[in-house]
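Fold and contact review
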Amino acid sequence: MKKKELKQAALGLLMVSPSFVLLLVIVVIPIVRSMLSSVTNEAGGYDLSRYAFLFTDPGMRANILFTLRVTLVSCALVLIVSYSLALYMRFSSGRLSEWIRKTYMIPLFIPGVIATYGLMNLLGNHGWLARLLLPLGIDLPRIVFDQKGIIIANLWFNIPFATMLLSSALAGIPASIIESAKDVGAGRLRVFLRFIFPLSYKTFLVALTFVFMGVIGSFTAPFLLGPNAPQMLGVSMEQVFGVFREHEQAAAMAVFTFLLCSVLGFFYIRNMAKEESGRL
Amino acid sequence: MSAQLAVRNMTKRYKTGEGVAGINLEVAKGELVTLLGPSGCGKTTVLRSIGGFLEPDSGDILIEGRDVTKLPPERRPTSMVFQSYNLWPHMSVYDNLAFGLKIRKMPKAEIREAITAALRLVRLPGAEKKYPSQLSGGQQQRVALARSLLLKPAVLLLDEPFSALDAKLRHEMREELREIQAQTGLTMVFVTHDQEEALSLSDRIVVMNHGHIEQIAAPAEIYDRPESLYVAQFIGKMNFLEGVVEEDRVWVGRLDWPNGKRLSGSVKVAVRPEDVGIKPSSGGGEGLAGTIKQIMVLGHYADVSVDLGEHGVIRTFQPKEAIQALQSGQRVDVSFAHVLVYPAH
């Protein structure tokens, strides 16, 4: 009996070991090494000077603030647009909603680099939009090589997926729940605030987390569309790593970015846990 | 008499061409009226139009004499109990019940009192803190009923509220609904496809078919005197035999009845299984000659099927005592105590 249990335990370990080894080699060891290297100072000792640099260097500080601003604005805009689209598709059955339903996923099928160059062609200094608007006497502000360009690219990349998540959440709300709410006397606003939003809130948070993580760690669009200074952390990290060859400093930036993400992760997990305990 | 609810000449057509037409219906205060029919007959369309979830193409809906045809559901004095997914899953039972009252700006203490009373009425006292997922299907429908009752609607609408429940629970809920209706005196419109439910619950039944009303009458009237062949087929068990009108009498084999409806040519003769009498064949040729095919004992009565040869096979219900003298294969004489005659088409 004992022997059999032991055999089973060994078999179990054997079966999880490939994925565990993969995780260890690809994720765990690099993270530990990065963390170690981020606390290594120039003299080879250990201290937090690399982190101190992040907050004392004016350029770095500007990069961090710039990243946070772009991320927050992108998140807000993406969620507003996606939620509106999802709501419209859920509660309207007209031709426009049908049209949106058929097309909103298209950006997901266009490779990021191509889309980014497309945006540059469209929105650049002498892009089509500028040329189309020229006869009307409208002068476009600078969009490409500016935070506006990054934010527009973020909208392009993130709206389809967020809309997909939110529509499936809204589709999961049975019609009778909304009808019974109206039936007892709730108007449109109250139906939204007390029923539709609370019942899709979890997915809203998931969408927010995805968009936040995606934007804060993005590279392609900020690299191609962003200004030279300040830069988003992804671009700046690449520069510090690849151009300045300051691996330890880049590691400190990576750990910091990870910490920013984990703040949101914390809220997300706490909320899920609260929800679970509330139900039981 | 001014009706609590009046539907006048209502028509609603969907894009598919289905829908209802020429619906006229009046419901008195305190009455429980059932809309009965097979799925797709338009009964739910009528109910949802009364509740404000559908806008009729034409016609009027009046509640307590006031035209509500153009009002949205939240501004109608109706309340609806849905078939399923009735309760709001993210709110406790208390919040589910209190929501409508809060909108109506009822003071908190009164809300609490009203909810306690309503939960007692639906036999779920003390369930305030529970969430819908912690309740069984029957309990959820009771809470949903309580939620509607609390709003004291002018008309309570019920859309097959018990159809998702098992048979035993369905019976209990029926009785409870009857009691609640007696206690509160609410006007109710109840949609069901279950004729037994309709017969047991209703003051009056509205039998619907293909988007129009076939008959409106009290349950006993509908059962005893169905106005059309459709109602006769739909309500209760019924045997149909081919008959013919000759010399102003309706004939099935040797049996004949007066031709009350002035029909001519071939007709359908309908007879309830309990109105069929059978006795061992005397050989003298009384009634229709048949052979007992099968006897099924169902408790206090038996379901006996009799092969009438050219007239087909009919079912009869016989009291327990009568079947002791009968056995399958036996030759019998069959007579009908009461028949209904419809034109055949």
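Residues and elements named next belong to chain B. Pairing in this open sheet of six strands is mixed, and the strands run 6-7-8-3-9-10 from one edge to the other. On the outer flanks of this sheet lie strand 6 (78–81) and strand 10 (212–217), each paired with one strand and no other. In this sheet, neighbouring strand axes are inclined to one another by 20° on average, regardless of whether the strands run parallel or antiparallel. Sheet analysis places strand 9 (residues 204–209) next to strand 10, joined by five bridges and oriented antiparallel. Counterpart to Ile205 in the pairing with strand 10 is Ala217. Taken strand by strand, helix 4 (residues 137–150) contacts strand 6 and strand 7 (155–159), and its axis lies near 180° from that of strand 6.

What follows deals with unusual backbone geometry. Put simply, Ala229 of chain A and Pro230 of chain A share a cis peptide bond, and its omega is -10°. Residue placement: Pro230 of chain A occurs in the loop between helix 10 (220–225) and helix 11 (233–243). Of note in this structure, Phe145 of chain A is not a glycine but carries a positive phi near 65°. Structurally, Phe145 of chain A can be placed in the loop between helix 6 (128–133) and helix 7 (147–171). A positive phi angle is found at Lys105 of chain B, which is not glycine, with a value near 60°. With respect to the helices and strands, Lys105 of chain B occurs in the loop between helix 2 (93–103) and helix 3 (108–121). The exposure class assigned to Lys105 of chain B is exposed, which follows from the 6 C-beta atoms found within 10 Å.

Thresholds, definitions, all that
Residues numbered from 1 in each chain as written. Chains lettered and ligands numbered in written order. Predicted model: local features only at pLDDT ≥ 70, side-chain atom pairs only at ≥ 80, totals over all residues. Pairing = 2+ DSSP bridges. Helix = DSSP H or I, 4+ residues; strand = E, 2+ residues; numbered from the N terminus. Axes fitted to C-alpha atoms, helices over the stretch in contact; angles between N-to-C directions. Contact = placed C-beta atoms within 7 Å. Buried ≥ 20, exposed ≤ 12 C-beta atoms within 10 Å, placed from the backbone.

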